[in-house]
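Fold and geometry: a report
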There are 2 protein chains.
Amino acid sequence: MPVISPLLNEYIEEQAITSADKTFLQLRKDIVEGVILPSSKLSETELSTKYTVSRAVIREAINRLSACHLVERKANVGARVVSLTRAGLIQLYQVRESLEGMAARLAAKNMSDEEISDLNSLLNTHFHEVQSGESYYQEAGDVDFHYRIILGSKNHHLISLLLDGTYHLVRMYRVQLGMSGPRVTTAFDEHKHIVQAISNRDEELAEMLMRRHILYSKNNIESKLSN
Amino acid sequence: MPVISPLLNEYIEEQAITSADKTFLQLRKDIVEGVILPSSKLSETELSTKYTVSRAVIREAINRLSACHLVERKANVGARVVSLTRAGLIQLYQVRESLEGMAARLAAKNMSDEEISDLNSLLNTHFHEVQSGESYYQEAGDVDFHYRIILGSKNHHLISLLLDGTYHLVRMYRVQLGMSGPRVTTAFDEHKHIVQAISNRDEELAEMLMRRHILYSKNNIESKLSN
DNA sequence: AATGCTTAGATTGTCGACAATCTAAGCGTT
DNA sequence: AACGCTTAGATTGTCGACAATCTAAGCATT
């Protein structure tokens, strides 16, 4: 059993109140996980019968998906799921490098001592799981690690941009390109060094290491692509 | 007459096709410029009569405003214009520093020689305008400068995050705090050095200078705040 | 055969009405 | 007087229908 931080759980437990909320979350899940394929058209009438809600609800959900760049909408024409391209992936990781680098810097400044010690113990748990070969939870652990640092930045704009926006697109790329648990061992060392920098309150180093970590990750994924 | 780049014009000329488009742009303008005050409630029925469109149109416009963090919506309660706080401003500028720094780095890599030379001539025009005391156009020139670099990054994600999201909030802060044309002379020198780094294709330096430029700008605005 | 116009079908955009939920005023109880 | 419950009013959420727009098939022309 992996340890998922309460902070993270709080954010993951996106309480869907309205029907539009639930439809949005469901559609986002289906798109990210490839149930609805990239570049496919999202017909409002079709989806409204499929999810048994009115077109207005579907429209609102699609608009939100458009806001986080998972679909592209054209006036009087309709919405399509974004298509995954090599250039798009590179650009996405450039943004991620920039934002998560800043997040690591701010985390080194703003995380409480307790949060940092929690982060350290998470890393230990993560380490033991990797040892015992639970590669599935390994990815959850990786996500949890990054989420904690992002939340640790205490910067609401940053958190929203990454968790509501960028991250779902990243996950879509990872899922659909079949990159579930890449670079297990080296990534772990990188995580360790980042946490060390944060523990030392070394903002500069934390940012730099996080940026390199994401850069490596990008190169790794890129090398597995041919097109 | 200030020179506005064609690239910028293209992005500014947001062609509003549907009624929801126009309403969104109008509402955004009114919020950014303070016609609708921070923290005020956005009643759907009230706005629908005021702008003479249906509630559905208003709802879509408000949802888009919510997506770019100009309003906050609560389920079954309604939407309010965001309130401007010192902490919010600082966090916003941290994001801006991160993203625009990356934009400058990528601009140094991806701008064409022609675009760079255009940027240089813009800077000259800008300089002469400052000399003749046209402080109004000075700000437009500043915006144009930053826009060109952002567009020069050629990174669609980055461009969208900054121009559709962050920038309108920044403008809202600047307008409502009465900071129209701050730091004329020093900012110009900073712009000059950034362009120089881009001309030399020095990615590292371009990013660093842009980050410091925005950091200075933040400190300058912050010093003018008391609350 | 290729091109351009016309039209039928389907899709999106907009609207007004009804249902579900929240808010605040009024009443009663302690 | 303070607190909690009930209820009326207003606001948001959802729905189905109509209007505006796009798309593609079919026909006419060159």
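Worth saying up front: this structure is predicted, and the values here are computed from it rather than measured.

Counting secondary structure elements, chain A contains 10 helices and three strands. Once local pairs closer than 6 in sequence are excluded, the contacts in chain A between residues at least 24 apart make up 76%. Approximately 10800 Å² of chain A is accessible, and the part contributed by carbon and sulfur atoms is 52%.

With that settled, the discussion passes to the sheet that holds strand β3 (residues 78–81) of chain A. Residue and element names in this part refer to chain A. Spatial ordering of the open sheet is given by β1-β3-β2, a layout of three strands whose pairing is antiparallel. Every other strand in the sheet has two partners, leaving β1 (41–42) and β2 (71–74) as the edge strands with one partner each. Inspection of the sheet shows β1 paired to β3 by two bridges, in the antiparallel sense. The residue of β3 that forms the bridge with K41 is R80. Those strands touched by helix α4 (residues 55–67) are β1, β2 and β3, and its axis lies near 115° from that of β2.

Among the structural elements, R105 of chain B can be located in helix α5 (residues 86–110). Since its relative accessible area comes to 16%, R105 of chain B is described here as buried.

Once that is clear, we can look at the interface of chain A and chain B. With 30 residues of chain A in contact, the opposing surface of chain B contributes 30 residues. Regarding the contact of chain A and chain B, the summed buried area is about 2400 Å², with carbon and sulfur atoms giving 56% of it. On inspection of chain A and its partner chain B, the count reaches four salt bridges. Between R59 of chain A and E60 of chain B there is a salt bridge, with the nearest N and O atoms lying 3.3 Å from each other. Here chain A and chain B share 15 residue pairs in polar contact (both at pLDDT 80 or more) between them. Counting only elements with at least two residues in the side of chain A that touches chain B, the list comes to α4, α5 (86–110), α8 (156–176) and α10 (203–223) of chain A. It is α5 of chain A that contributes the most residues to the side of chain A that touches chain B, 11 residues altogether.

Residues and elements named next belong to chain A. In total, this model carries two aromatic pairs over all chains according to the counting rule given. An angle of 70° between the planes, with centres 5.2 Å apart, marks the rings of Y147 and Y167 as edge-to-face. With a gap of 20 residues between them, Y147 in helix α7 (residues 135–152) and Y167 in helix α8 connect regions that are remote in the sequence. Considered together, Y147 and Y167 belong to a single accessibility category, that of buried residues.

Moving on to the protein's contact with DNA strand D. Within the structure, DNA strand D sits among 22 residues, and S19 and S54 of chain A together with K41, R55 and R59 of chain B are positioned closest to it. For DNA strand D, the backbone portion of the atoms within 4 Å of the protein, that is sugar and phosphate, comes to 71%. At 2.4 Å from a phosphate oxygen of DNA strand D is found a main-chain nitrogen or oxygen belonging to S19 of chain A. Between a phosphate oxygen of DNA strand D and a main-chain N or O atom of E44 of chain B, the distance comes to 3.3 Å. Breaking the surface near DNA strand D down by element, the ones donating at least two residues are α2 (19–32) and α4 of chain A together with β1 (41–42), α3 (44–50) and α4 (55–67) of chain B. Classifying every residue of the surface near DNA strand D gives eight nonpolar, eight polar and six charged.

For the rest of this paragraph, the subject is the packing of α5 of chain A against α10 of chain A. All names here are of chain A. For the pair α5 and α10, interaxial distance at closest approach is 7 Å and the crossing angle is 160°. Taken as axis vectors, α5 and α10 run roughly antiparallel relative to one another. Crossing geometry of α5 relative to α10 is assigned as right-handed.

On to the protein's contact with DNA strand C, then. Residues in close proximity to DNA strand C total 22 residues, the closest being K41, R55 and R59 of chain A together with S19 and S54 of chain B. Within the backbone of N76 of chain A, a nitrogen or oxygen atom sits 3.2 Å from a phosphate oxygen of DNA strand C. Secondary structure elements with two or more residues in the surface near DNA strand C: β1, α3 (44–50) and α4 of chain A together with α2 (19–32) and α4 of chain B. Broken down by element, the surface near DNA strand C gets its largest block of residues, three residues, from α4 of chain B. Taken together, the residues of the surface near DNA strand C break down into eight nonpolar, eight polar and six charged.

Attention now moves to the domain arrangement of chain A. Note on interface size: it is often stated as the accessible area lost on association of the parts. All names here are of chain A. Each assigned domain of chain A is listed with its residue range as follows: domain 1 (15–81) and domain 2 (85–226). Between the C-alpha centres of domain 1 and domain 2 the distance comes to 28 Å. Facing the 10 residues of domain 1 at the interface are eight residues of domain 2. Where domain 1 abuts domain 2, roughly 780 Å² becomes buried across the two surfaces, and 63% of that area is made up of carbon and sulfur atoms. At the surface where domain 1 touches domain 2, the tally comes to two residue pairs in polar contact (both at pLDDT 80 or more). When grouped by side-chain class, the residues that make up the side of domain 1 that touches domain 2 number six nonpolar, two polar and two charged.

Another aspect to go through is the UniProt feature "domain: HTH gntR-type" (unreviewed entry) in chain A. If you check UniProt for "domain: HTH gntR-type" (unreviewed entry), the listed places come out as residues 17–84 of chain A in our numbering. Helix makes up 50% of residues 17–84 of chain A and strand 15%. Its end C-alpha atoms lie 31 Å apart.

Look at the two chain copies: a rotation about an axis and a shift along it is all it takes to match them. Superposing chain A onto chain B takes a rotation of 180° plus a shift of 0.0 Å along the axis, which leaves an RMSD of 0.0 Å. What the superposition gives is, in effect, a two-fold axis relating one chain to the other. A high fraction, 100%, of the interface residues of chain A reappear at the interface in chain B, so the copies pair face to face through one surface.

Cut-offs and rules
Residues numbered from 1 in each chain as written. Chains lettered and ligands numbered in written order. Predicted model: local features only at pLDDT ≥ 70, side-chain atom pairs only at ≥ 80, totals over all residues. Heavy atoms only, no water. Helix = DSSP H or I, 4+ residues; strand = E, 2+ residues; numbered from the N terminus. Contact = heavy atoms within 4.5 Å. Areas by Shrake-Rupley, 256 points an atom, 1.4 Å probe, with all protein chains shown as cover. Pairing = 2+ DSSP bridges. Axes fitted to C-alpha atoms, helices over the stretch in contact; angles between N-to-C directions. Buried < 20%, exposed > 50% of the residue type's maximum accessible area, 1.4 Å probe, protein only. Buried area = accessible area lost by both parts, 1.4 Å probe. Salt bridge = Lys/Arg side-chain N within 4 Å of Asp/Glu carboxyl O. Polar contact = N/O pair within 3.5 Å; in protein donor to acceptor, adjacent residues only side chain to side chain. Phe/Tyr/Trp six-rings, centres within 6.5 Å; stacked < 30°, edge-to-face > 60°. Near = heavy atom within 4 Å. Nonpolar A, V, L, I, M, F, W, Y, C, P; charged D, E, K, R; others polar. Parallel < 35°, antiparallel > 145°, perpendicular 65-115°, else oblique. Left-handed = near helix turned anticlockwise from the far one by under 90°. Domains from an automatic or database assignment. UniProt positions renumbered as here; feature names shortened; annotations may be inferred. Least-squares fit on C-alpha atoms with pLDDT ≥ 70 in both.

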